[in-house]
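# Structural characterization, general
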Amino acid sequence: LTFTAEEVMKRLKEDKIKFIDLQFTGLFGRFHHTTMDAKMFRIEDFADGLPKVDGSSIRGFTEIHESDLIIRPDPATYATIPWIEQAPTARLICDILSGGSKRDIFPRDPRGLAKKAERYCGEQGYDTSYWGPEVEFFVFDKLEVNTMTPYQGQSYHITSREAPWSSDNVGYALRLKDGYLPSAPGDTLMEYRNQCVDVLTNNFGIVCDAHHHEVATAGQCEIDIRFDTLVNAADSVQSYKYIVKNIAQKRNMMATMMPKPIALDNGSGMHVNVSLWNKGKNLFYDPDDDYAEMSQTARYFGGGIMEHAQALASIVAPTTNSYRRLVPGYEAPVYVAWSTGNRSAIIRIPAHYKGQKFSAMKRIEFRAPDPSCNPYLAFCAIMAAGLDGIRKKRDIGDPVKEDIFKMTPKRRRELGITQLPASLRQAYEALESDSAFLKPILDDETIEKIIEHEERENVEVSVRPHPHEFALYADV
Ligand code: GLN
Ligand code: MG
Ligand code: MG
Ligand code: MG
C-alpha cells in the first residue's frame, strides 16, 4: 500500500478518520508521535510540513536555542490504527526538517539519513537495495513485570506465562532454549501473532510470510516480513515494533525489543538480509560461483562489513544489553567470520533453491544486529560498510566451515578470526577510531551524539551493582 497526497485526502474521508497520528523516529530509534485533529489537516501539509516538534526535548536532536523542527508527513505511509477505539485514527510517518526559513532535511533525522543512504547507493551504480530484517522479540505477561523471581542463581525482573518459574505455569512450561516451534499449548502466543500479522498486512500493508515461536523458552516471537527497499524496510521495522507492542498491551502483555532479557536463554536478534540491485538484476548473484552462487560484488560488500564489524556493532547493537546477547552458545554471533550454515559467524549466506529462477533470493545475512537498534541508522551503517568494501575491494575471504565456538583461541588466531566487541564500551570506542567509512552518510555531529549517548548509558549501567554480583560476592 502506498498512497499519494490526493489519495490520502480521499481515504481520510472514506475511512471517516477523526485523528491523524504524526509519527517519527528519534536518533536512538525511539518512535514518537503527536496527534492532530483530522479536520485541521490540509493537503499542503504534505509539502510544507507542520511546526509541531520541540527538538530540544528529543534526545540527540537539537539544542534549546535552535529547538523548532518541522515534521513533514509522507503520504505513502498512510495506515489506519485498528486498536484505537475512541475514534477512527490514521497514522503518517514523517520526515523531519529544520525550522527557520531554509527547510532542509534535519541532519539527524534517521529517516532523512536513510534516504541519503539510498541516494548514495544509487550514485555508486546500484539503483536499488533490498533489506529483509528478521525481528525477534519477547512477549511477557504484564502482571508479572517487576516481580523478581530467582531462577538458577539468577534474578529476573520479568517472567512469562510460559516460563518454568512462572506462578501461573500450569504444567506445560517450555525449558530454556527449548522454545523453537512447539505446538500449543507449549506455544501460547499463536493467536497473538496471528492478530499482529492481520494488522501488519491489512492495515499497514506490510507483507508477512510466516510467524513462529523462537528458541527461547519465554514467549520469544518472530514474524517474518517481506524484503523491501531501504527506507521502506526501516519504516516497516518501526511499524512492526509499534504494532507488536500495542497488540501485546491490548492483551495485557508487554512486548520488548530488549535483546537479552533472560540469562542462560537465547536473546533476540534482528538479522539483516541485504542485496544490491541494478536495472532489475540482483548483483549479489553469480551462478558460476560453486560455493554459494555469490558474486564478487557480494564478496566485497561482505568484506566491508567484516572490516568494520567492530564499529558497526555500536550502531546495530547499540545497548549495554546487546553485549549480553553476543556471547557463545546462543545462536548469536561472536566472531568476525562468514559461512553458509554456521550461526556463530556474523555473516551467513542462507541456502535457497538453486538456479537462475531463484537469483532474487541471493543475499548476505548479517547476524550481529538486534532489535534495540534504530533500523534507519543500522541500514545506513551497513550500507556504508558494504559500499566501502566494494570501493576498496575487500574480499570476504574463505568461509569458516567448523563451529567457531568449539575452536581453541589458538586455532582462531591461525585463521585470523577476530571478535565482535564484548561490551558497549568496546563498541563505541571502535566507532571512535573507525568512523571514516560512515562519513558519506552520517556527519561528524551525528556520530558524536551516538558515542556520547552510548557512553552515558554505559556509565549508568556500570555504576550499578549487577544482581549476579550478589551471588558471587555477597560474603555473608
Ligand atoms: N535468536 C538468535 C539471535 O540472537 C537467532 C536465532 C535464529 O533465528 N536462528 O540472533
Ligand atoms: Mg528468521
Ligand atoms: Mg529467528
Ligand atoms: Mg536469520
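Please read these numbers as outputs of a predicted model, since none were measured by experiment. (Residues numbered from 1 in each chain as written. Chains lettered and ligands numbered in written order. Predicted model: local features only at pLDDT ≥ 70, side-chain atom pairs only at ≥ 80, totals over all residues. Heavy atoms only, no water.)

### Observations regarding the overall build of the protein chain
Within the protein chain one finds 13 helices and 19 strands. Computed over the C-alpha atoms, the radius of gyration of the protein chain is 22 Å, within 12% of the 23 Å expected from 2.2 N^0.38 for a compact globule of 476 residues. Its C-alpha atoms put the protein chain at 65 × 55 × 50 Å along the principal axes. Of all 476 residues assigned to the protein chain, the portion counted as buried reaches 55%. Accessible surface, the protein chain: about 21300 Å² in total, of which carbon and sulfur atoms supply 50%. (Helix = DSSP H or I, 4+ residues; strand = E, 2+ residues; numbered from the N terminus. Rg over C-alpha atoms; globule rule 2.2 N^0.38 Å. Buried < 20%, exposed > 50% of the residue type's maximum accessible area, 1.4 Å probe, protein only. Areas by Shrake-Rupley, 256 points an atom, 1.4 Å probe, with all protein chains shown as cover.)

### Observations concerning the site of ligand 1
Surveying the vicinity of ligand 1 reveals the residues Glu 136, Glu 214, Asn 266, Gly 267, Gly 269, His 271, Arg 325, Glu 331, Ala 332 and Arg 343. Within the contact set of ligand 1, an oxygen atom lies 3.3 Å away from a side-chain nitrogen or oxygen of Glu 214. Measuring from an oxygen atom of ligand 1, one finds a side-chain N or O atom of Arg 325 at 2.7 Å. Contact with the protein chains removes 93% of the 300 Å² of surface that ligand 1 exposes when unbound. Its residues assigned to classes, the shell around ligand 1 shows one nonpolar, four polar and five charged. (Near = heavy atom within 4 Å. Polar contact = N/O pair within 3.5 Å; in protein donor to acceptor, adjacent residues only side chain to side chain. Nonpolar A, V, L, I, M, F, W, Y, C, P; charged D, E, K, R; others polar.)

### Considering the coordination of the magnesium ion (ligand 4)
Taken together, the protein donors to the magnesium ion (ligand 4) comprise Glu 134 (OE), Glu 134 (OE), His 271 (ND1) and Glu 365 (OE), at separations of 2.0 to 2.6 Å. Going along the chain, you hit the donors of the magnesium ion (ligand 4) in the pattern E-x136-H-x93-E. The two metals, the magnesium ion (ligand 4) and the magnesium ion (ligand 2), are separated by 3.9 Å and share Glu 134 as a common coordinating residue. One end of the pair, Glu 134, is in strand 7 (residues 128–141); the other, Glu 365, is in strand 18 (residues 364–366), with 231 residues separating them in the sequence. (Donors = N, O, S within 2.8 Å, 3.2 Å for Na, K, Ca; no water.)

### Thoughts on the packing of aromatic side chains
For the coordinates displayed, the defined rule picks out 13 aromatic pairs. Ring geometry for Phe 31 against Tyr 242: centres 5.6 Å apart, planes inclined by 75°, an arrangement best described as edge-to-face. Taken together, the residues Phe 31 in strand 2 (residues 31–37) and Tyr 242 in helix 5 (residues 230–250) connect sequence positions 211 residues apart. Among the aromatic residues, those joined into a ring-pair cluster are Phe 31, Trp 83 and Tyr 242. Seen from the ring of Phe 227, Arg 226 lies directly overhead, with NZ or CZ sitting 5.6 Å from the centre. Positioned above the aromatic ring of Tyr 330 is the side chain of Lys 260, whose terminal nitrogen or guanidinium carbon lies 3.6 Å from the ring centre. (Phe/Tyr/Trp six-rings, centres within 6.5 Å; stacked < 30°, edge-to-face > 60°. Lys NZ or Arg CZ within 6 Å of the ring centre and 35° of its normal.)

### Observations concerning the pattern of salt bridges
The final tally for this structure, using the stated rule, is 23 salt bridges. We note a salt bridge from Arg 11 to Asp 15, for which the minimum N-O separation is 3.1 Å. Look at Arg 11 and you get partly exposed, because its relative accessible area is 26%. Given the relative accessible area of 25%, Asp 15 is considered partly exposed. In this structure, a network of salt bridges that share partners links the residues Arg 72, Asp 74, Asp 95, Arg 111, Lys 115 and Asp 235. (Salt bridge = Lys/Arg side-chain N within 4 Å of Asp/Glu carboxyl O.)

### Thoughts on the packing of helix 7 (residues 309–316) against helix 9 (residues 375–391)
Two elements in contact, helix 7 and helix 9, have axes separated by 9 Å at closest approach and are oriented at 165°. Taken together, helix 7 and helix 9 sit at an angle that is classed as roughly antiparallel. For helix 7 against helix 9, the interelement crossing comes out right-handed. On helix 9, the residues touching Leu 312, Ile 315 and Val 316 of helix 7 are Leu 377, Ala 378, Ala 381, Ile 382 and Ala 385. Of the residues in the contact of helix 7 with helix 9, the class split is eight nonpolar, no polar and no charged. (Axes fitted to C-alpha atoms, helices over the stretch in contact; angles between N-to-C directions. Parallel < 35°, antiparallel > 145°, perpendicular 65-115°, else oblique. Left-handed = near helix turned anticlockwise from the far one by under 90°. Contact = heavy atoms within 4.5 Å.)

### Looking at the coordination of the magnesium ion (ligand 2)
For the magnesium ion (ligand 2), every protein donor is listed as Glu 134 (OE) and Glu 222 (OE), and the spread of their distances is 1.9 to 2.3 Å. A spacing of 3.4 Å is found between the magnesium ion (ligand 2) and the magnesium ion (ligand 3), which share Glu 222 as a donor. Taken as a pair, Glu 134 in strand 7 and Glu 222 in strand 11 (residues 220–225) lie far apart in primary sequence, 88 residues in all.

### Section: the state of the cysteines
Scanning the model with the defined rule gives zero disulfides in all. For the unlinked cysteine Cys 121, the closest cysteine sulfur is that of Cys 380, found at 11 Å. (Disulfide = S-S within 2.5 Å.)

### A few points about the packing of helix 5 against helix 9
Packing of helix 5 against helix 9 leaves a shortest axis separation of 8 Å and a crossing angle of 145°. Crossing geometry of helix 5 relative to helix 9 is assigned as right-handed. When helix 5 is examined against helix 9, the residues Leu 230, Val 231, Ala 233, Ala 234, Asp 235, Val 237, Gln 238 and Lys 241 are found in contact with a partner set consisting of Pro 375, Tyr 376, Phe 379 and Met 383. Here the contact of helix 5 with helix 9 is composed, by residue class, of nine nonpolar, one polar and two charged.

### Notes on the confidence of the model for the protein chain
Summarising the model, the protein chain shows a mean pLDDT of 90, and 92% of its residues fall at 70 or more. With pLDDT under 50 throughout, residues 144–172 is counted as low confidence; its partners more than four residues away or in other chains account for 82 contacts. (pLDDT = per-residue confidence, 0-100.)

### Topic: unusual backbone geometry
For Leu 181, which is not glycine, the phi dihedral falls at a positive 55°. Looking at where Leu 181 falls in the secondary structure, it is placed in the loop between strand 9 (154–156) and helix 4 (190–203). Residue Lys 393 is not a glycine yet carries a positive backbone phi of 55°. With respect to the helices, strands and loops of the structure, Lys 393 is situated in the loop between helix 9 and helix 10 (409–414).

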